[in-house]
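Working through the structure, step by step
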Amino acid sequence: MPIRFPAPLQPGDAIAVTAFSSGVHPRLHGRLDDALNELRARGYRVVEGECLRDEKHDASAPAAARLGELRRFLFDPEIRAILPPWGGERAIELLPGLDFAALAGLPPKWIAGFSDVSTLMAPLTLCAGWATLHGPNLMDLPLKDRVFGNEALQAALETGMPPAQEPHGQYWRWDAPGRQFANRVRLLDGGSGKMEGRLIGGCLDVLASLQGTPYFDLAAFKAEPAILYLENCELAPCGVLRALAGLRLSGTLDGLSGLVLGRSGAQDAADGQALRYQDTLRAALDGLPYPVVIDADIGHVPPQWSLLNGAWAVLEVFGEGRARLEQRAAR
């Protein structure tokens, strides 16, 4: 299916904000308001959905309400972008209720975010041909330590394509407040290397659940060289092993031009006799006939790149901590 790219956003364009997975608890409404005011300050019209400012049973609202609101925004020609506040757990419930064939006949609009947002974005790219933007979530916009990622996200929305990006020199973790760590993006087997292909991917935790379904079938997408990228939110090392092994058994990892893994957001095994994360990657990915990049700026361990599903990407790694990612519409 041909990939179609949303037009750059212009001042006055309408952005819908709806939580089709987790909503925003009242204690975080101040941060949400700051994020919405960031959009308004850039000249956009913000359209708030009703499924947004609440959280019950790990969702903003019952599935039927979330689906109805998402469909309304997807098909409303006045809406130019849909920005959920963040991901969550339950976006998968909405997929059977979305008419991807009908969406394939409409002009694409921006969908941006990460985590459970991947559950919608990857199928929109694969089943409807919409380019979708994996990058910082709306709720990251007010956070001053996220300027690196937020600037790339805003540039993508306003120019139509993410800028060239290199690894940020440092990253930080939720479980180590106040500490910074040196970026270690690198090839799994060391050295330097290059890959080219159309980008597709997202959060491993949720996309692994879609393997074997029409919503994450890469067969037609791989008619051109393809780069699959994945990031782990909370799977322990053995969970990562099962998820990657499952993708390999299903054929999802066959025929790629490259695989890119973000830094793992989960804690590593503490027991010295247990399987550790780095050993997991070697056990699951050994023998793949293409470059595998690990610890990239993707996902739940910030800062992060913005990656446009469906864009033609060139990723070059020059050694540990040094890389460059460029994206464009045409090959």
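Residues numbered from 1 in each chain as written. Predicted model: local features only at pLDDT ≥ 70, side-chain atom pairs only at ≥ 80, totals over all residues. Heavy atoms only, no water.

- Identification of the chain as LD-carboxypeptidase from Chromobacterium violaceum is taken from an unreviewed UniProt entry.

Some details on the UniProt feature "domain: LD-carboxypeptidase C-terminal" (unreviewed entry) in the chain
- UniProt records the feature "domain: LD-carboxypeptidase C-terminal" (unreviewed entry) at residues 196-314, using the numbering of this structure.
- End C-alpha atoms of residues 196-314 are separated by 5 Å, and the span's content is 22% helix alongside 25% strand. (UniProt positions renumbered as here; feature names shortened; annotations may be inferred. Helix = DSSP H or I, 4+ residues; strand = E, 2+ residues; numbered from the N terminus.)

A short note on the pairing of strand S10 (residues 226-231)
- Counting buried positions along S10 yields six of six residues, so the element is predominantly enclosed.
- Alternating residues of S10 divide into Ala226, Leu228 and Leu230 and Ile227, Tyr229 and Glu231, and every residue in both groups is buried.
- Summarising the sheet, strand S9 (residues 193-203) and S10 pair through six bridges and their orientation is parallel. Across the sheet, the residue bridging to arginine 198 is alanine 226, located in S10.
- When S10 meets strand S11 (residues 258-262), the two strands line up parallel, connected through four bridges. Within the sheet, the bridge partner assigned to isoleucine 227 lies in S11 and is glycine 258.
- Since S10 and S11 lie parallel, the crossover through helix H7 (residues 237-249) that links them has a hand, and here it is right-handed. (Buried < 20%, exposed > 50% of the residue type's maximum accessible area, 1.4 Å probe, protein only. Pairing = 2+ DSSP bridges. Right-handed = clockwise from strand over helix to strand, strands pointing away.)

Examining the sheet that holds strand S1 (residues 14-17)
- Taken in spatial order, the six strands line up as S2-S1-S3-S4-S5-S13 in an open sheet, and their pairing is mixed. The sheet is open, and its two borders are formed by strand S2 (45-48) and strand S13 (307-309), each paired with just one other strand. Within the sheet, the average angular offset between the axes of one strand and its neighbour, ignoring direction, is 25 degrees.
- Two elements, S1 and S2, share four bridges in a ladder whose sense is parallel. In the strand pairing of S2, valine 17 is matched with glutamate 48. (Axes fitted to C-alpha atoms, helices over the stretch in contact; angles between N-to-C directions.)

Describing the nonpolar core
- Ranked by internal contacts, the top residues of the largest apolar core, which has 84 residues, are Leu259 and Leu285.
- With seven residues, helix H4 (residues 118-128) is the single largest residue contributor to this core.
- Those residues within four positions of leucine 285 in sequence are excluded, and the remaining contacts are Leu188, Leu244, Arg248, Leu253, Leu259, Leu261 and Val292.
- Counting 17 residues, the second-largest nonpolar core is a separate cluster that includes Tyr229, Val293, Ala296 and Leu325. (Core = buried A, V, L, I, M, F, W, Y, C linked by side-chain atoms within 4.5 Å. Contact = heavy atoms within 4.5 Å.)

Quick notes on the layout of surface pockets
- Looking at the largest pocket, its volume works out to about 880 Å³.
- As for the largest pocket, its lining consists of 37 residues, and the residues nearest its centre are Gly87, Gly88, Ser115, Cys233 and His300.
- Of all the secondary-structure elements, those providing two or more residues to the lining of the largest pocket are helix H5 (147-159) and helix H6 (204-207).
- Shared between two domains, the lining of the largest pocket holds at least three residues of each, these being domain 1 (14-159) and domain 2 (170-328).
- What the second largest pocket holds in volume is close to 330 Å³.
- The wall of the second largest pocket is formed by 16 residues, among which Tyr171, Arg173, Ser264, Tyr277 and Gln278 lie closest to the centre. (1 Å grid on protein atoms, 1.4 Å probe; cavity = no way out; pocket = protein on both sides within 12 Å on 5 of 7 lines; lining within 4 Å. Points joined across faces, edges and corners; volume = space filled by probe spheres on them. Domains from an automatic or database assignment.)

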